[in-house]
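Now for the letters of each chain:
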Amino acid sequence: MTMLDRRLHAYRPDLAEAGLEGRVEALRFVAGTPARVAVPVIGLRPVPDLAKGIDTELLLGEEVTVYDRADGWCWVKASGDNYVGYLPETALSDVLVAPTHVVTVQRTFLYQEAELRKPYQSILSMGSRVRIVGEAETRGNHYVMLEDGTAIFAKHVRPIGEAQGGDYVDVASRFLETPYLWGGRSGLGIDCSGLVQLSMLMTGRSVPRDTDMQAAGLGEPIDRADLRRGDLVFWKGHVAILEDPETIIHANGHTMTVARENLQDAIKRIGWLYEQPTGYRRPVI
């Protein structure tokens, strides 16, 4: 049978997603059931074990397909980028009412009520999806209200159906100084390919999650001499965004932040560990 990428295809010896029947061996094939992420951010793991590192993260309101539930864990595939993994069952909700708005700032507070002087309930990342049912104004500040009475500053969200577009590099630059987190994909902590994916998502483009996936098929290959703003430079296991032909923005383990760096300096610094760049690509706009 065909060997498939376990990150993008849900299959185990005992169970697999229905679409893989005839392509992989498994005792059962299931269609799965839909659910939504019900917590601000949650790690998606290759195995159901909190002691293991995360592959990626899912954000509040994102949809998944659940293939298995056992011992407090769910085995899921994310609808946005098809990433497969395990997350705690408590992180999901079976209530499938569609969200109406998406968070557009790096981080925002979800307040217990429409008053910035009151305690906040949680912190939401850019890309989080919420269902807005009303509005409120307190001391001249405008808020949008969720069904449970919590509130978000109105300027920090936009309707999901609103026209998207714009410069994804500008979005990426808003994450400068955000802590680096392996597998991170939020305004609380992010990795190199997560920065590319989330920044592009906010401008209406769906792209693969991991560096090797992006290097293999995101946009078109180009020569270094042709580099311009918005292009990507790849190393083995790393990706950076060109702010201009001489400057990159990237989440990196050197500064442990999202940082701005001279491209040539980065090539020299990274070279001793990861050798020279493996390629350059221009995302299709």
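To be clear, the structure that these remarks concern was listed above.
Let us look at the structure shown here. Not measured: the values here are computed from a predicted model. Numbering of residues starts from 1 in each chain and follows the order in which that chain's sequence is written. Only residues with pLDDT of at least 70 get local features here, since the model is predicted, and only at 80 or more are side-chain atom pairs given and counted; chain-wide, interface and lining totals rely on the full set of residues. Side-chain calculation: all heavy atoms of the structure are included, whereas hydrogens and water are not.

1. A closer look at the overall build of the chain
Along the chain, the regular secondary structure elements total four helices and 25 strands. Only C-alpha atoms enter the radius of gyration; for comparison, a globular chain is expected to reach 2.2 Å times N to the power 0.38, where N is the number of residues. By the compact-globule yardstick of 19 Å for 285 residues, the chain fits well, its C-alpha radius of gyration being 20 Å. Taking the principal axes of the C-alpha coordinates as reference, the chain spans close to 55 × 55 × 35 Å. Contacts between residues were defined by any pair of non-hydrogen atoms, one from each residue, lying within 4.5 Å. The long-range fraction of contacts in the chain, counting pairs at least 24 apart against all pairs at least 6 apart in sequence, stands at 55%. All accessible-area figures derive from a Shrake-Rupley calculation using a 1.4 Å probe, and residue coverage is judged against the displayed protein chains alone. Total accessible area computed for the chain in this model is approximately 13,600 Å², and 51% of it derives from carbon and sulfur atoms. Charged residues are defined here as Lys and Arg on the positive side and Asp and Glu on the negative side; His and the ends of the chain fall outside this count. Every charge is mapped to an atom, namely NZ of Lys, CZ of Arg, CG of Asp or CD of Glu. Mean positive and mean negative side-chain charge positions of the chain (31 and 38 charges, respectively) differ by 2 Å. Helix and strand definitions here come from DSSP, where helices need a minimum of 4 consecutive H or I residues and strands a minimum of 2 consecutive E residues; each element is numbered from the N-terminal end.

2. Topic: the pairing of strand β24 (residues 257–262)
One face of the sheet, then the other: side chains in a regular strand alternate in exactly this way. Judged from the six bridges that link them, strand β23 (residues 247–252) and β24 form a sheet pairing that is antiparallel. Paired with His250 across the two strands is Ala259, which belongs to β24. Counted between consecutive antiparallel strands, the loop separating β23 from β24 contains four residues, among which Met256 sits at a positive phi close to 60°. Only strands that DSSP links by at least two bridges are regarded as paired with each other.

3. Brief notes about the nonpolar core
Grouped together as the largest cluster of nonpolar side chains are 25 residues, with contacts concentrated most on Phe175, Leu195, Leu232 and Ile241. Of all elements in the fold, only α1 (168–173), α2 (192–201), β21 (232–235), β22 (238–244) and β23 reach the threshold of two or more residues within this core. Among residues more than four places away in sequence, those in contact with Leu195 are Ala172, Phe175, Ile190, Ile241, Ile249, His250, Ala251 and Val258. Within the second largest apolar cluster, 15 residues are counted, among which are Ile42, Leu58, Val64 and Val76. Side-chain atoms within 4.5 Å are what join buried Ala, Val, Leu, Ile, Met, Phe, Trp, Tyr and Cys residues into a set we call a nonpolar core. For every residue, the accessible area obtained with a 1.4 Å probe (protein chains only) is divided by the maximum for its type, and the residue is called buried under 20%, exposed over 50%, and partly exposed between those limits.

4. A few points about unusual backbone geometry
Positive phi is not limited to glycine here, since Asp71 has a value of about 55°. One can find Asp71 in the loop between β6 (63–70) and β7 (73–78). Phi angles above zero are rare outside glycine, and Asn82 is one such case at about 65°. Counting through the fold element by element, Asn82 comes out in the loop between β7 and β8 (84–88).

5. Describing helix α4 (residues 263–274)
Looking only at α4, the buried set comprises Leu263, Ala266, Ile267, Ile270 and Gly271. Along the long axis of α4, the arc covered by the buried residues comes to 135°, so they all point the same way. Facing away from the buried side of α4 by over 90 degrees, the exposed positions are Lys268 and Trp272. Here the buried face of α4 lies against β21, β22, β23, β24 and β25 (279–282). If you check the start of α4, you find a side-chain oxygen 3.0 Å away from the backbone N of Gln264, and it comes from Asn262. Summarising the geometry, the arc corresponds to the directions from the helix axis toward the C-beta atoms. Pairing of N or O atoms within 3.5 Å defines a polar contact, subject to two protein rules: one partner must be a possible hydrogen donor and the other a possible acceptor, and residues neighboring in sequence count only if both atoms are side-chain atoms.

6. Section: the side chain of Thr203
Examined against the element boundaries, Thr203 turns out to sit in the loop between α2 and α3 (211–217). Taking relative accessible area as the criterion, Thr203 reaches 7% and is therefore assigned buried. Among the polar contacts listed, one links the side chain of Thr203 to the backbone oxygen of Met200, at a separation of 3.0 Å. Within polar-contact distance, the side chain of Thr203 engages the side chain of Arg205 at 2.9 Å.

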